[in-house]
Amino acid sequence: MTDGSAVLITGANGWLGTQLVHSLRDGITDDPRFGPQPDRPIRCLVLPGSDPGSIADVDGVEVIEGDLTDRASLDAFVDGASGATLFHTAGVIHPKGRVAQFYAVNERGTHNILDAASKAKVRRFIHVS
C-alpha cells in the first residue's frame, strides 16, 4: 500500500464512511480532479465482527478489522501506509448506556489512531468530528 495516493478510512461502514468510500471510488464529478479513481488503494477499518456493508463489494477496497480502543489492533490498518491520507470518520454518537464509551472511542481512540498514523508516516490526517 505504500503509495501517496492511498486512502485509509476509519468508520468506513458507517453512513459517512460508506459515502466517502463510494465517492472516492466513483468520483463526484466529471472533473478529473474529482472524478472516478478506480486505481486508488482504499483501506477501511471496521469493528471486529461488524458487517462491512456495501464497502465489501467495492472493487479494490481492503477491509481490515480493528478497534480504536485497542491501539495494537490498529497496526495492520496502518501497515505500509507511508504517504497515505487517513480520514478518521469513526466515532460514537449515542453511547450504549454509559458516557465512558463516548470518551473511550472518541477521545482515546482518536489518540490511538493518531499515534498509529504518525508511526506509519501517514502524510495527512483528516478528522471528522
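Scroll up a little and you will see the structure.
Residues numbered from 1 in each chain as written. Predicted model: local features only at pLDDT ≥ 70, side-chain atom pairs only at ≥ 80, totals over all residues. Heavy atoms only, no water.

Draft legend 1. Fine view of unusual backbone geometry. Despite not being glycine, Lys121 has its phi angle at roughly 65°, a positive value. Secondary-structure assignment places Lys121 in the loop between α3 (99-119) and β5 (124-127). Residue class for Lys121 comes out exposed when judged on its relative accessible area of 59%. (Helix = DSSP H or I, 4+ residues; strand = E, 2+ residues; numbered from the N terminus. Buried < 20%, exposed > 50% of the residue type's maximum accessible area, 1.4 Å probe, protein only.)

Draft legend 2. Here's a closer look at the layout of surface pockets. Volume-wise, the largest pocket comes out at about 850 Å³. The wall of the largest pocket is formed by 30 residues, among which Thr89, Ala90, Gly91, Val92 and Val105 lie closest to the centre. Those elements that provide at least two residues to the lining of the largest pocket are α1 (15-26), β2 (42-46) and α3. Among the elements that make up the lining of the largest pocket, the one with the highest residue count is α3 (five residues). For the lining of the largest pocket, the residue count by class is twelve nonpolar, 16 polar and two charged. Its boundaries defined by the atoms lining it, the second largest pocket holds a volume of some 160 Å³. The wall of the second largest pocket is formed by Leu20, Ser23, Leu24, Gly27, Ile28, Arg33, Phe34, Gly35, Gln37 and Arg40. Classifying every residue of the lining of the second largest pocket by side-chain character gives four nonpolar, four polar and two charged. (1 Å grid on protein atoms, 1.4 Å probe; cavity = no way out; pocket = protein on both sides within 12 Å on 5 of 7 lines; lining within 4 Å. Points joined across faces, edges and corners; volume = space filled by probe spheres on them. Nonpolar A, V, L, I, M, F, W, Y, C, P; charged D, E, K, R; others polar.)

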